[in-house]
Every structure is written in structure tokens, then in C-alpha cells.
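Per-entry structural report
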Amino acid sequence: FYMERGMWESNMMITFNFFPPEEVLPEYTTMTAEKEWDIQDTTKKTSVNVQLQRKAENTTAWENVGSPVALTSQNGWKYTFTDLLKYVDGSENTIAYAFRVVELDGTKVLNNGDKTANGLIVKYGDVYGSGATGYGQLITNTQLAPGVTQQIKKATTADGKQMVFYLATGDV
């Protein structure tokens, strides 16, 4: 654009350069659920539905991601979710992911130490891995020996961590 100065016919040209803000591209990771069996009765190895959940840093509420996925012998008792956001809306707040077993009818999410419909005890391993290589979590279903019962005691430590104790009684 041109602007005249004074009464003479001289013109001055002013140039404006606009640069759009740098676009921050989202970063993604993966999360793998892996099923492990600690049982003697192999007929109890049935399909297991797992629900991926996420929780943003500095929040307490977990939310479901998509629909439950079946872990079966056909997929090697393993499933990997891909294209999971690492951060909340371009911020530096990370997103944590974890799995929970869901009863086959989808009505109940099982916590650490809960029993499945066929009497197996669910145990969740810690989430392992890194954002760069992807994360994973091992889920184990355990069958108690005949005549053994289990009591589950849950406690919260002073720093807010959940602890689960498994007490077996009978012919261990």
C-alpha cells in the first residue's frame, strides 16, 4: 500500500509481513493390553473384554476411550490401541492410560482383586513403557487351588496410593 507525504509527488511504500503462528502438531502414543493366565483349568480361558481408560494429569476422573475390545486366543491375548494423544489439547499436561476388565455383558468394570463371572481373580500390573515407544499393561487372571479361599483387603497409604492385599486361607 502506498501513502503520500506532503504536497510533493513522492510516495512511500510500507510492507507488512504477517506470519501465521507456528502450528503445534499433536503427539501420539500407543497402549497395549496383554492377558496372562495363571490357571490350572484351561476351560476357563475365555474371551476377556478390556476397556481402555484415560485420565488427564492433575485430574482424578478416568474416562472410557472407545468401546471395550476382546482379548482372545485368536489375537494372542493382546491388543494395541494406536493414535492415542500424549497431551491434553496441545498443552504440556500428559494423559495417563490404563485398562480395566469389563464383564462380557458390559455391565461391570472389574477392579484389582475382583472375581470374574467364571471365578477367576483379576490382577492389574503397573503400566510400563514410555511415550516414545508406547505403553503396555499386563492383566492376569488367577485361579485359586481347590479348597483355598481368598480375602481381599484394600488400603490407602498416607500419600494417597491404593494398596491391595490378597490373603489366602486353606490348603495353600
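Observations concerning the overall build of the chain
If you tally the helices and strands in the chain, you get 0 helices and 13 strands. Scanning the chain from its N terminus toward the C terminus, one meets helices and strands in the order β-β-β-β-β-β-β-β-β-β-β-β-β. Every one of the 172 residues in the chain was classed for burial, and the buried ones make up 27%. For the chain, restricting intrachain contacts to residue pairs at least 6 apart in sequence, the fraction spanning at least 24 positions comes to 50%. Total accessible area computed for the chain in this model is approximately 11900 Å², and 52% of it derives from carbon and sulfur atoms.

Quick word on the pairing of strand β4 (residues 48–56)
Relative to strand β5 (residues 63–71), β4 runs antiparallel, the two being bridged by 6 bridges. For Val48, the partnering residue across the bridge sits in β5 and is Leu71. Where β4 folds back on β5, the antiparallel hairpin that results is connected by 6 residues, among which Asn58 adopts a positive phi of roughly 70°. By the bridge criterion, 8 bridges tie β4 to strand β7 (residues 95–102) in an arrangement that is antiparallel. Counterpart to Leu52 in the pairing with β7 is Phe99.

Section: the sheet that holds β5
Strand order in the open sheet made by the 4 strands is β5-β4-β7-β8, with antiparallel pairing throughout. Of all the strands in the sheet, the pair left with one neighbour each is β5 and β8 (109–110).

A look at the packing of aromatic side chains
Counted according to the given criterion, the structure contains 3 aromatic pairs. On the basis of an interplanar angle of 75° and a centroid distance of 5.1 Å, the ring pair of Trp37 and Trp77 is categorised as edge-to-face. Of this pair, Trp37 sits in strand β3 (residues 28–38) while Trp77 sits in the loop between β5 and β6 (78–85), and the two are 40 residues apart along the sequence. Summarising the burial analysis for this pair, Trp37 and Trp77 share the class buried. The rings of Tyr79, Phe81 and Phe99 are connected pair by pair, giving a single aromatic cluster. Taking the ring centre of Trp37 as reference, the NZ or CZ of Lys35 above it sits at 4.8 Å. The side chain of Arg100 reaches across the aromatic face of Tyr124, ending 4.1 Å from its centre.

Quick look at the side chain of Asp114
Tracing the backbone through its elements, the reader meets Asp114 in the loop between β8 and β9 (121–124). Looking at Asp114, the relative accessible area reads 19%, which means it is buried. Within the structure, Asp114 has its side chain in polar contact with the backbone nitrogen of Asn111 (distance 2.7 Å).

Thoughts on the nonpolar core
Grouped together as the largest cluster of nonpolar side chains are 22 residues, with contacts concentrated most on Val50, Leu52, Leu84, Tyr97, Phe99, Val101 and Ile139. For this core, the secondary structure elements donating two or more residues are β3, β4, β5, β6, β7 and β9. Sorting elements by how many residues they give to this core places β7 first, with 4 residues. Here Val101 is in contact with Val48, Asn49, Val50, Lys108, Val109, Leu110, Val122, Tyr124 and Ile139, once residues within four sequence places are set aside.

Brief notes about unusual backbone geometry
Of note, the phi angle at Trp77 is positive, near 60°, even though the residue is not glycine. Residue Trp77 is classed as buried on the basis of its relative accessible area, which comes to 14%. A positive phi angle, close to 55°, is found at Asp83, a residue other than glycine. Secondary-structure assignment places Asp83 in strand β6.

Parameters and conventions
- Along each chain, residues carry numbers from 1 onward, in the same order as the chain's sequence is written.
- Given that this is a predicted model, residues contribute local features only at a pLDDT of at least 70 and side-chain atom pairs are listed and counted only at 80 or more, while totals for whole chains, interfaces and linings are drawn from all residues.
- Side-chain metrics in this entry use all non-hydrogen atoms of the structure; hydrogen atoms and water are not considered.
- Helix and strand definitions here come from DSSP, where helices need a minimum of 4 consecutive H or I residues and strands a minimum of 2 consecutive E residues; each element is numbered from the N-terminal end.
- Whether a residue is buried, partly exposed or exposed follows from its accessible area with a 1.4 Å probe, protein chains only, as a fraction of its type maximum: under 20%, in between, or over 50%, in that order.
- Here a residue-residue contact requires only that any non-hydrogen atoms of the pair lie within 4.5 Å.
- Using the Shrake-Rupley algorithm and a 1.4 Å probe, accessible areas are obtained, with residue cover drawn only from the displayed protein chains.
- Strand pairing is defined by DSSP finding a minimum of two bridges between the two strands.
- Any Phe, Tyr or Trp ring, taking Trp's six-membered ring, that has another such ring centre within 6.5 Å forms a pair; planes under 30 degrees apart are called stacked, those over 60 apart edge-to-face, and the others tilted.
- When the NZ atom of lysine or the CZ atom of arginine is within 6 Å of a ring's centre and also within 35 degrees of its normal, the charge is said to sit over that ring.
- Here a polar contact is taken to be a pair of N or O atoms separated by no more than 3.5 Å, where protein atoms must pair a possible hydrogen donor with a possible acceptor and residues adjacent in sequence count only if both atoms sit in side chains.
- Only buried residues count toward a nonpolar core, which is a set of Ala, Val, Leu, Ile, Met, Phe, Trp, Tyr and Cys residues joined through side-chain atoms within 4.5 Å.

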